[in-house]
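# Summary of structural features
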Amino acid sequence: MKKLLISFCLIISTFIVFATQKETNKVIVGAEQTDRYFPLLEGKRVAVLTNQTGMAGNEHLVDLLVRNKFNVVGIFSPEHGFRGTADAGEHVGNSVDEKTGVPIWSLYGGDGGKPSPDKMKEFDILLFDLQDVGLRFYTYYASMARMMDACAEADKKMIVLDRPNPNGFYVDGPILDMKHKSGVGWLPIPIVHGMTLGELALMINGEKWLPDGKTCDITVITSLNYTHQTRYELPISPSPNLPNIHSIYLYPSTCLFEGTVVSLGRGTDFPFEAYGHPKYKGSDFSFTPRSVAGAKNPPLLNQKCYGVDLRMVPNKYIWENGFDLSYVIDAYNNLQLGNSFFTAFFEKLVGVDYIRKDIINGKSAKEIKAKWACDVEQFKQQRRPYLLYAE
């Protein structure tokens, strides 16, 4: 009996140690570390740039600030709106947060994503908290860069409450040719840059990427227990069409279908996890895009599409292949549409001229990938001084 009791105690002790280690290793995001940024907000008129991902534990950042009696004068909302329900690129108007009564000032769809000088006079300090997914064509970093520009002009301090990058464990893809600069390609960085928004903010300052070489007064509240090899799963979907971590891993590669005639599954339950077209040949898999919240008018609306279901592709396979052109090349070869397969948006996404030409000329994904290998190594060296977390 005594031996059984000792064994039981050892098992319980081991479980407690394991549970404690797991809790100790839990990633703690910037917003949760109130002791590091609350003192900076005392006596200030605070504006917040955030959305539904701006959670500090189980409480939204705005609710947390209001509960602690800070003077929150406005909420800037990025693409998809403050609650994260708007379509990609949809105009989001100004409104009021029903829960707190704080005014919501839309960034997306007006003033080029940059607040007016009069709006900048309404606050003293900007608190930035958005969950990014680490892609050049995901617009949240561009919202950050434009706000850094506005804050630099107006001499306002900006605090970035940093969050892990779920695609932060690798760098891949060509560096943007700035002649293709757009809302989905704002900086000369690879498609998968592997940085957090806090790190990217420091790089924007350090590389003088703001207009006229301006720099913004930035403080980054780093995440704890995070490295660039951490596989971080987002607790909240960052936007309507990225519902799970698998779609986020596929997103760098399947997003390219936005620049083609092929559907990537918008208007289904599995956006970015499939691709298809009514004339895709040789497939039993099919889906029909419908008008749904977050995808009100998806490509190929109400048309039955045949194609490829990527939902069963293992995460490890996606990690190993990184930014992968093979899906686009497969669809291009299958449909036999020549240059009509692509739209003008394709170059905005890939950021260079040669990828379309190489696909048309029959190059393999591996052959094309070799062309940006030097870009990747060059960028890794360039970004190193700005990294806040171990590689």
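None of the values given here were measured: they were computed from a predicted structure.

### What to know about the overall build of the protein chain
What the protein chain contains, in helices and strands, is 13 helices and 14 strands. For the protein chain, with 391 residues in total, the buried portion stands at 54%. By sequence separation, contacts in the protein chain at least 24 residues apart represent 73% of the contacts at least 6 residues apart.

### Thoughts on the packing of aromatic side chains
Following the criterion strictly, the structure yields 24 aromatic pairs and no others. Ring plane angle 85° and centroid distance 5.1 Å describe the contact between F341 and F342, whose orientation is recorded as edge-to-face. Under the relative-accessibility criterion, F341 is labelled buried at 0%. On the basis of relative accessibility, which here comes to 6%, the residue F342 falls in the buried class. An aromatic cluster of at least three residues, connected via ring pairs, comprises F137, Y138, Y140, Y251 and F272. The ring of F270 is capped by R311, whose NZ or CZ atom sits 4.0 Å from the centre of that ring.

### Describing the environment of A152
Within the fold, A152 resides in helix α5 (residues 140-154). Note: C-alpha distance between A152 and D217 (65 residues apart in sequence) is 7.0 Å. If sequence neighbours within four positions are ignored, A152 has contacts with L210, K214, T215 and C216.

### Let's talk about unusual backbone geometry
Of note in the backbone geometry, N225 takes a positive phi value of approximately 65° without being a glycine. By the secondary structure assignment, N225 is in the loop between β11 (218-221) and α7 (245-254). By relative accessible area, which is 37% here, N225 ends up partly exposed. A positive phi is found at Q336, a non-glycine position, where the angle reads about 55°. Since its relative accessible area comes to 62%, Q336 is described here as exposed.

### Points about the confidence of the model for the protein chain
Confidence in the prediction of the protein chain, expressed as mean pLDDT, is 91, and 88% of residues score 70 or more. Low pLDDT, under 50, characterises residues 9-22; the predicted model gives this stretch zero contacts beyond four residues in sequence or across chains. Predicted confidence for residues 84-91 stays below pLDDT 50, and this span has 23 contacts to residues more than four positions away or in other chains.

What counts and what doesn't
Residues numbered from 1 in each chain as written. Predicted model: local features only at pLDDT ≥ 70, side-chain atom pairs only at ≥ 80, totals over all residues. Heavy atoms only, no water. Helix = DSSP H or I, 4+ residues; strand = E, 2+ residues; numbered from the N terminus. Buried < 20%, exposed > 50% of the residue type's maximum accessible area, 1.4 Å probe, protein only. Contact = heavy atoms within 4.5 Å. Phe/Tyr/Trp six-rings, centres within 6.5 Å; stacked < 30°, edge-to-face > 60°. Lys NZ or Arg CZ within 6 Å of the ring centre and 35° of its normal. pLDDT = per-residue confidence, 0-100.

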